[in-house]
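In case you want the letters, here they are:
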Amino acid sequence: MPLHTDETEAQFEARWWQLMNEMRARFGKKPDLNALLLLIGVQELGQGAGPFTKEQKQDLMHIATCRLFSLSGHYELDHVDEDGWPHYRLVRPVPFANLKEQERMLKWHMLEYFDAFMKEE
């Protein structure tokens, strides 16, 4: 998987808007970060689009966050339970960041995830 660690802020923003345009084309509207987390969680669970309870949606978003941060070595898959839900363990703490930095880290991980995912299709 290519790591875009040497890209400029402009290149990062261009990749982000390209992803948003692809998501808008695929789903008919631009998703927010929570919608993308839910989408990734559903994809990682691999059991289809639901329906899911509110608690399950929160769990799916947690799965997505762990999966995304596994790309940079912060989490790793520990096991999949008897219902097929993945469980991750923390390998090393995610660095402290303010809200803007957290959002950028999440976006960067999403871009890397979708780059790899779309190449598999």
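Right, let's walk through the structure included here.

About the cut-offs
- Residues numbered from 1 in each chain as written.
- Predicted model: local features only at pLDDT ≥ 70, side-chain atom pairs only at ≥ 80, totals over all residues.
- Heavy atoms only, no water.
- Core = buried A, V, L, I, M, F, W, Y, C linked by side-chain atoms within 4.5 Å.
- Buried < 20%, exposed > 50% of the residue type's maximum accessible area, 1.4 Å probe, protein only.
- Helix = DSSP H or I, 4+ residues; strand = E, 2+ residues; numbered from the N terminus.
- Contact = heavy atoms within 4.5 Å.
- Salt bridge = Lys/Arg side-chain N within 4 Å of Asp/Glu carboxyl O.
- Axes fitted to C-alpha atoms, helices over the stretch in contact; angles between N-to-C directions.
- Parallel < 35°, antiparallel > 145°, perpendicular 65-115°, else oblique.
- Nonpolar A, V, L, I, M, F, W, Y, C, P; charged D, E, K, R; others polar.
- Expected span 1.5 Å × (residues − 1).

### Thoughts on the nonpolar core
Phase 1: By size, the foremost hydrophobic cluster in this structure holds 28 residues, and its most contacted members are W16, M110 and F114.
Phase 2: At the level of elements, α1 (9-27), α2 (33-45), α3 (54-70) and α4 (99-120) are the ones that each hand at least two residues to this core.
Phase 3: The element best represented in this core is α4, accounting for seven residues.
Phase 4: The contact partners of W16, leaving out residues within four places of it in the chain, are L33, L36, K107, M110 and L111.

### Considering the pattern of salt bridges
Phase 1: What the rule picks out here adds up to seven salt bridges.
Phase 2: D115 is the salt-bridge partner of R15, the closest N and O atoms lying 2.8 Å from each other. Of this pair, R15 sits in helix α1 while D115 is found in helix α4, placing the two residues 100 residues apart along the sequence.
Phase 3: Overall, D115 belongs to the partly exposed group, its relative accessible area being 24%.
Phase 4: Bridged by salt links that share partners, the residues E7, R15, E112 and D115 form one connected network.

### Notes on the packing of α2 against α3
Two measures define how a pair of helices packs: the angle their axes make with one another and the distance between the axes.
Phase 1: Close contact between α2 and α3 brings their axes to 7 Å; oriented N to C, the two are set at 85 degrees. As judged from the angle between their axes, α2 and α3 are roughly perpendicular. Residues N34, L37, L38, I40, G41, V42, E44 and L45 of α2 form the contact with α3, whose own contacting residues are K57, L60, M61, I63, A64, T65, R67 and L68.
Phase 2: Residues belonging to the contact of α2 with α3 are distributed by class as follows: ten nonpolar, three polar and three charged.

### Points about α3
Phase 1: With 17 residues, α3 should reach 24 Å at 1.5 Å per residue; the first-to-last C-alpha distance of 24 Å fits that figure.
Phase 2: Residues of α3 that are buried include every one of L60, I63, A64, C66, L68 and F69, and no others.

Any link to function would need more than the numbers given here.
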